[in-house]
Every structure is written in structure tokens, then in C-alpha cells.
Number of protein chains: 2
Amino acid sequence: MVIMAGGIGSRFWPMSTAEYPKQFIDVMGVGKSLLQLTVERFLPICPIHHFWIVTSEKYVGLVKRQLPDFPETHILLESEARNTAPCIAYACWKIKKQSPDANIVVTPSDAFVLDTVEFRRIIDEALNFTDCHQAIVTVGIKPSRPETGYGYICASDADNLSPIVKVESFKEKPDLETAQEYLDAGNFYWNAGIFVWNMETILMALRTYTPNLASIMDEISADFYTAEEAATVKRLFPTCEKISIDYAVMEKSKDIYTIPADFGWSDLGTWGALHGLLPKDEQQNAVVGRQIRLYDCKNCIVHVNDTRKVVLNGLDGYIVSECDGKLLICRLREEQRIKEFSGD
Amino acid sequence: MVIMAGGIGSRFWPMSTAEYPKQFIDVMGVGKSLLQLTVERFLPICPIHHFWIVTSEKYVGLVKRQLPDFPETHILLESEARNTAPCIAYACWKIKKQSPDANIVVTPSDAFVLDTVEFRRIIDEALNFTDCHQAIVTVGIKPSRPETGYGYICASDADNLSPIVKVESFKEKPDLETAQEYLDAGNFYWNAGIFVWNMETILMALRTYTPNLASIMDEISADFYTAEEAATVKRLFPTCEKISIDYAVMEKSKDIYTIPADFGWSDLGTWGALHGLLPKDEQQNAVVGRQIRLYDCKNCIVHVNDTRKVVLNGLDGYIVSECDGKLLICRLREEQRIKEFSGD
């Protein structure tokens, strides 16, 4: 189990900031952060001493505070953000030294899953497959709408004998028309960024498609589990090329499979996605926070701390979020401008 | 100088609350509370050891914190709010014991005056008048619009020889049509609640029109400036009838005068009034707070602490106020509902 927890979630300002990003926030108002929910989701699949969290130095305090029982030596620190490929490589090389035959799941820490039982079934199925196949398996979410905000996986026609099917290609975020075609076609899935593979497969893939990254990892790994590890990582990790695992491996490798899944997934990538997922009142308002009163409001999403007392009147289609001294009131339909609004 | 500072300013929630009402707030964003501005406004007229502040027990800490140089023995405590007549009587009886010939100004602490030089000229003029006349003088603000939120003073036709004219009658808050008639008539003024009189006049008036209140004050005053004062006030002040000075004296006395004044006054009684008074940007937004960014907003009033970072997008005609963990977003045209919104 490798959990990637280094992202900065800038689209959810001010709820999520570079100092306190989305994965550490109780986005859903359930009393647990997305990271805590992610760990909880995987606990029935894998004992905690096989979990690894890769995050940045600035978030290590947050990880420890939110997961006090998590083994500290299993928190890996990226000394600089280099996107997902170096992050995954670091974890895999580290695990290899202790468990060269490991079967591995890699997951983001900031997505949401509704049906955790079905989730477990899917991950178990994928692990069973990679246990005996040299295959990279990516979880493919059955699309429920022509979403233009996600990348798509184009799968070969399923033979209905195996739950796991070959990937034909990966597709970038489509326009609405194309997204509708994907939805109608039936063999397209959302790329959730959840990967399953065995050690030999991922090492081979990284050595083949990112030889520079692999050789940096070979060099770092000489010091793994020694007193020099931190210094060596700090020195060499920033020399890795910034590259995503999708671009580095997925789009190049021939042996990619997908396991179609339907467990109520959202990457929670936008306020609109969160609004869609949260329970709503009759006027389609979704609120997180315990002291919120709405008068003549509709289609709003409100996210504030439980200690905040909020009174809203006469708003239609707005985001209202207050966090740590920062307040945002923004039209939902203009949420793509939040990055501009929040900048300095 | 008697400054009444016991009000609770409930119409400005959440900026103003019963715990921290309007007179203690930097409503105008100038770095000083309305109380501090009021004291400052009167300092050129009268030395500070002739100032008296009447407030409630719960605000005495706020008064001391905001006016650290104010003589503590000149802060009079209403043990219960009894409206303005008992408040004024308490101060006058207390002053009488030391200065039986005092010439007195009574003022609210939560109004705003733009032209403090003209203000001083008006008050000096009124004091000169009451120095040699047994007259109650109330400051009459020349109306600039058919305001329906204020009471009006109907003055007799001025003879243009004296700046001070006889009051014919007081008028309750009018409807718009009546307010327009008042404005057109030219001899109607807004009642600012600022009164000037000499000791003999106000004592006589209170003894005549509120004999019960006067006799309670006679009883309390036996203990003024003794160790028993606090206990006696605490015991007897709550027995005073709740009554305003306007109703108790102004509307009954025959010898009321007004001094027409034009010094840029506002009672800051509503968010709309504050919006009208504050400097505005080209889109008619008025903001108090140093870290506020507006995108596509117009006709808004924003009032938050300087430490708050606020981003607003796409609001037209809203109040946005955040204070002490409480946030209000409300249509300006629905501000009369704030009391309903903020209640428990």
C-alpha cells in the first residue's frame, strides 16, 4: 500500500491551501480527513505495517497528527515535489529492499469512495491478478456522466470471462461531445489514479521507460534503512525529472490492464464535484459545518469549521468557504477562477 | 459631557453583538472605535476630567481598554438597561453634587460626525445659549434626503437672528411621502439625540415630568462619592421606569430649542447608512478591512477584521461581515431581517 499524500489542492482555496491541503481536510464533513478515510479504506485489505505514505517534508507533522498510530519509518519524504513517477519509484525501491516480491497498490490520498465494500472487492481482485501476471492494472471507474474533467481509459472489448481487461489507450480530458461519445461507447472508464502491480513489473517498467529515474533510485537505495538515507534522498531526489506516472509509464507500456469498477468514486477535484456528492437540502444546498443557517438560498455549497456561525441570505449558486482567517464567496460557475482569486 | 455607551447595536450583527456592541467597533475602518471617535470629538470642547461615560457593567472592561486615560471614577454603571432617561438622570444627579452649576452636553457614543470643526462650533454655540437660558437644546441635523429611519424635529420659523430656534414638536419616523414633505418644508430636522442644557433646567424638567425617577435619584445621590454608591445604584437603579428622554421630557416640555446643524452626521443605524457614508469604489462597493479582493462585485458593503483575507466574486448588493467566528452574507435590501437571522 503506497499512499501519495504530497499534493497541494489549490482548487479548493481557502478550505485547502498549500499549508494545509485537501487530503488533510474533513472535506465531506464526516469527522475524518480524506487521508484518514483513505487509510481506513485500505485497512481491511492490508495490515498497517505494510502501508507507506509518501508526502513532502512540510506535511509530515500533519500526517503524524492525523495518523498517530502510523509507523513513522513508513512515512517517506519527498524533499521536493517531482510529480508521481519519482514518488512511486521512491516507494517501490524502498519496499523492494525489504520485500522484493511485494504486490503493490498505489493510491492518491484525496479522492472519495462511497462503497468501501465494493472497493475492497475490486482491489482484492486486482491484487489476485497481479499476483500471477506481469501486468500493470489501473482501476477504471465506470462513468456516470460525460465528465470533461477526468482522463479516460479506453479498454478493449471485454470478453466477460475476466473482470480485468486490456487497455487500448489513455485519453486526455475530452470536450463534452467526445465525453458523450466515450460514455455511449461503453468501454471507456475514468482514470482514478489507483494502480496495482507486482514489484517485478513496476521495476521493469520504470527501468525501461525512465532509466534515469531508475538509476537515481538505485543510487539512493544503497542508503535505504541507514542513517544516511535522509541526507541522500535530500540530495538526489530533487535531481529526478518531474514526470507523472501516467506519462512516464502508462501511456508507453504495452501491458496495461484495467479493472472496471463502480464504487461511487470522486476525485473531489472541484467544488462542483463536492457539491454533487454531498447530501443536499430541498433547495440543493450542500453544507459542511454545524452552525450554518440559510435563508432564501439555493444551489450553494458551504464549507466552514464547526465552530463558525454562518448566516447566509439570498445566495443562488455560490461557494462559501471560510478557513483559517480566509473567506471565499464565489459563483460556482466561476470556480475555475479560484486559483486566480487566491493568488498573491 | 455625558456620553451614553450602553447600547447593544443589534442591527449590525455580526460586526456588533451584545457582547461587543457597535460603539466599541471601528465601524468606519479608521483605526478607532465610535466611542473613541466620540471622545476625541469632544476633547477640544471640554477637559477630559469633565467627561462622564454611562454604560452597563458588562462593557466597563471595553471602555477602560479603549480609553486607558479616562478617569475611572467617571465611568457610571447602569446595573440594568433602563433606556435614556434614567441614564441621563443618573449622570446629572452625580455631576450636580460636585458642580451644581454645570452646563451639560449629552451624546450617544455610536454616531458618526464628518466635520468635527463645525461640530465643535455648534456645540459651543449651544453651550453659550444654555449658559444664560433655561432651555433644553437639541441638535437638529439638516436633512439631506427624505429619510424614513429617523425621528424629526419640527422647528418654528427661524428669524435668522438667532442660530437657535424654538421646537414646535417632535415627529416619529415618517413614511416616505411625509419625509419628503418634511424635507420640502425646510423647518424639519433629524433628531440626533444630542442634548445641551444647564443643570437647573434638566433637574427641573426631570422633577416635573418624571417625579418618580427624580425621587429615586435623590435617594441614590445620598450615597454618591461614598463606599456605598455601587451597592445603592445596584439596588435602586433597576427600580427606575424604562423610558427614553425623548418621551419623558422632550415631547412634554415647552422650552425646547433646536440648533440646526450640518456637520455630516449619521447615526450609522443600518448597513445601508454605513454603505452610504463610507468611501466607495467605482462599482459602489464599500470595504472595511485590509485584505479584501472583489471580482465582479458591485453595491456591496464588506466589513471584516484587518487580519481576515477575503475574496468575493459575483455579488451585487450584499452585506458581507465577519467577526469573532460569525459570518453574515445578506442582501442589503433584506437587512431589516438581520435580527431574525442572528437570533437563536
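Residues numbered from 1 in each chain as written. Chains lettered and ligands numbered in written order. Predicted model: local features only at pLDDT ≥ 70, side-chain atom pairs only at ≥ 80, totals over all residues. Heavy atoms only, no water.

### Section: the overall build of chain A
Okay, so step 1: Of regular secondary structure, chain A possesses 11 helices and 17 strands.
Okay, so step 2: When its C-alpha atoms are laid out on the principal axes, chain A stretches across 60 × 50 × 35 Å.
Okay, so step 3: When each of the 344 residues of chain A is scored for burial, the buried share is 56%.
Okay, so step 4: Contacts spanning at least 24 positions in sequence make up 65% of the contacts within chain A whose residues lie at least 6 apart. (Helix = DSSP H or I, 4+ residues; strand = E, 2+ residues; numbered from the N terminus. Buried < 20%, exposed > 50% of the residue type's maximum accessible area, 1.4 Å probe, protein only. Contact = heavy atoms within 4.5 Å.)

### Overview of the interface of chain A and chain B
Okay, so step 1: Contacts between the two partners involve 30 residues from chain A and, on the opposite side, 30 residues from chain B.
Okay, so step 2: Between chain A and chain B, a total of about 2,600 Å² is buried, with carbon and sulfur atoms accounting for 48% of that surface.
Okay, so step 3: Where chain A packs against chain B, one counts 4 salt bridges.
Okay, so step 4: Two residues, Arg308(A) and Glu322(B), come together in a salt bridge whose shortest N-O distance is 3.0 Å.
Okay, so step 5: The tally of links from chain A across to chain B stands at 22 residue pairs in polar contact (both at pLDDT 80 or more).
Okay, so step 6: For the side of chain A that touches chain B, the elements supplying multiple residues, two or more each, are strand S13 (291-295), strand S15 (309-313), strand S16 (318-323), strand S17 (326-331) and helix H11 (338-342) of chain A. (Buried area = accessible area lost by both parts, 1.4 Å probe. Salt bridge = Lys/Arg side-chain N within 4 Å of Asp/Glu carboxyl O. Polar contact = N/O pair within 3.5 Å; in protein donor to acceptor, adjacent residues only side chain to side chain.)

### What about the relation of the copies chain A and chain B?
Okay, so step 1: Mapping chain A onto chain B leaves a residual RMSD of 0.1 Å; the transformation is a rotation of 179° accompanied by 0.0 Å of translation along its axis. Viewed as a symmetry operation, the transformation between the two copies matches a two-fold axis.
Okay, so step 2: A shared interface surface links the copies, since 100% of the contact residues of chain A are contact residues in chain B too. (Least-squares fit on C-alpha atoms with pLDDT ≥ 70 in both.)

### Points about the pairing of S16(A)
Sheet faces and side chains relate simply in a regular strand, where the side chains alternate between the two faces.
All names here are of chain A.
Okay, so step 1: Most of S16 sits inside the fold, with 6 of its 6 residues counted as buried.
Okay, so step 2: Both faces of S16 are covered, namely the face carrying Tyr318, Val320 and Glu322 and the face carrying Ile319, Ser321 and Cys323.
Okay, so step 3: Bridge count for strand S14 (residues 301-304) against S16 is 4 bridges, and the pairing is parallel. Considered in S16, the bridge of histidine 303 is made with serine 321.
Okay, so step 4: Hairpin connection of S16 to S17: 2 residues between the antiparallel strands, including aspartate 324 at a positive phi of 55°. (Pairing = 2+ DSSP bridges.)

### Considerations on the environment of Asn103(B)
Residues and elements named next belong to chain B.
Okay, so step 1: Relative to the elements of secondary structure, asparagine 103 occurs in strand S4 (residues 103-108).
Okay, so step 2: Leaving out residues up to four positions away in the same chain, asparagine 103 has contacts with Leu127, Thr130, Asp131, Trp197 and Asn198.
Okay, so step 3: Of note is the side chain of asparagine 103, whose polar atom sits 2.9 Å from the backbone oxygen of leucine 127.
Okay, so step 4: A distance of 2.7 Å separates a polar atom in the side chain of asparagine 103 from a polar atom in the side chain of threonine 130.

### Focus: the sheet that holds S16(A)
Okay, so step 1: Pairing is mixed across the open sheet formed by 6 strands, whose spatial order is S12(A)-S14(A)-S16(A)-S17(A)-S15(B)-S13(B). Whereas interior strands pair on both sides, the edge strands pair on one side only; in this sheet they are strand S12 (286-288) of chain A together with strand S13 (292-295) of chain B. Neighbour-to-neighbour, the strand axes of this sheet turn through a mean angle of 5°, independent of strand direction.
Okay, so step 2: Relative to strand S15 (residues 309-313) of chain B, S17(A) runs parallel, the two sharing 4 bridges. Among the inter-strand pairings, Leu328(A) is bridged to a residue of S15(B), identified as Val311(B). (Axes fitted to C-alpha atoms, helices over the stretch in contact; angles between N-to-C directions.)

### Thoughts on the packing of helix H7 (residues 211-221) of chain B against helix H8 (residues 229-236) of chain B
All names here are of chain B.
Okay, so step 1: Contact pair H7 / H8: the axes reach a minimum separation of 9 Å and the direction vectors enclose 160°. Here H8 runs roughly antiparallel to H7, going by the angle between their axes. As for the relative orientation of H7 and H8, their crossing is right-handed in sense. Facing Ile216, Glu219 and Ile220 of H7, the residues of H8 in contact are Thr232, Val233, Arg235 and Leu236.
Okay, so step 2: Broken down by class, the residue content of the contact of H7 with H8 amounts to 4 nonpolar, 1 polar and 2 charged. (Parallel < 35°, antiparallel > 145°, perpendicular 65-115°, else oblique. Left-handed = near helix turned anticlockwise from the far one by under 90°. Nonpolar A, V, L, I, M, F, W, Y, C, P; charged D, E, K, R; others polar.)

### Quick notes on the environment of Gly289(B)
Okay, so step 1: Topologically, Gly289(B) is positioned in the loop between strand S12 (286-288) and S13.
Okay, so step 2: Residues contacting Gly289(B), with those up to four places away along its chain left out, are Val304(B) and Asp306(B).

### Digging into the packing of aromatic side chains
Residues and elements named next belong to chain A.
Okay, so step 1: Counted according to the given criterion, the structure contains 31 aromatic pairs over all chains.
Okay, so step 2: Relative to phenylalanine 237, the ring of tyrosine 90 has its centre 5.8 Å away and its plane inclined at 50°; by these criteria the two rings are tilted. Here phenylalanine 237 lies in the loop between helix H8 (229-236) and helix H9 (245-250) and tyrosine 90 lies in helix H3 (residues 84-98), a separation of 147 residues in the sequence.
Okay, so step 3: Judged by its relative accessible area of 4%, tyrosine 90 is buried.
Okay, so step 4: Using a relative accessible area of 0% as the deciding quantity, one classes phenylalanine 237 as buried.
Okay, so step 5: Their ring planes at 70° and their centres at 4.9 Å tell us that tyrosine 150 and tryptophan 190 sit as a pair that is edge-to-face. Pair noted here: tyrosine 150 is in the loop between strand S6 (136-141) and strand S7 (152-155) and tryptophan 190 is in strand S9 (residues 188-198), with a separation of 40 residues, a long-range link.
Okay, so step 6: Using a relative accessible area of 2% as the deciding quantity, one classes tryptophan 190 as buried.
Okay, so step 7: Taken together through their ring pairs, the aromatic side chains of Tyr90, Phe224, Tyr225 and Phe237 make up a single cluster. (Phe/Tyr/Trp six-rings, centres within 6.5 Å; stacked < 30°, edge-to-face > 60°.)

### Things to note about helix H3 (residues 84-98) of chain B
Residues spaced three or four apart along an α-helix face the same direction, because each turn holds 3.6 residues.
Residue and element names in this part refer to chain B.
Okay, so step 1: Taking 1.5 Å of rise per residue, the 15 residues of H3 would be expected to cover 21 Å, and the 22 Å separating its terminal C-alpha atoms lies within 8% of that figure.
Okay, so step 2: Here H3 lies mainly inside the structure; 11 of its 15 residues are buried.
Okay, so step 3: Buried within H3 are the following residues: Ala85, Pro86, Cys87, Ile88, Ala89, Tyr90, Ala91, Cys92, Trp93, Lys94 and Ile95. (Expected span 1.5 Å × (residues − 1).)

### Describing a negative patch on the surface
Okay, so step 1: On the surface, Asp175(A), Glu177(A), Glu181(A) and Asp184(A) cluster together into a negatively charged patch.
Okay, so step 2: The topology assignment puts Glu181(A) in helix H5 (residues 176-185). (Patch = residues over 30% accessible without salt bridge, like charges linked within 9 Å, V, L, I, M, F, W, Y side chains within 5 Å. Areas by Shrake-Rupley, 256 points an atom, 1.4 Å probe, with all protein chains shown as cover. Lys, Arg positive; Asp, Glu negative; His and termini not counted. Charge placed at Lys NZ, Arg CZ, Asp CG, Glu CD.)

### Quick notes on the sheet that holds strand S16 (residues 318-323) of chain B
Okay, so step 1: Within the open sheet, the 6 strands sit side by side as S13(A)-S15(A)-S17(B)-S16(B)-S14(B)-S12(B). Their pairing is mixed. Single-partner strands in this sheet number two, and they are S13 of chain A together with S12 of chain B. Direction aside, the axes of adjacent strands within the sheet are offset by 5° on average.

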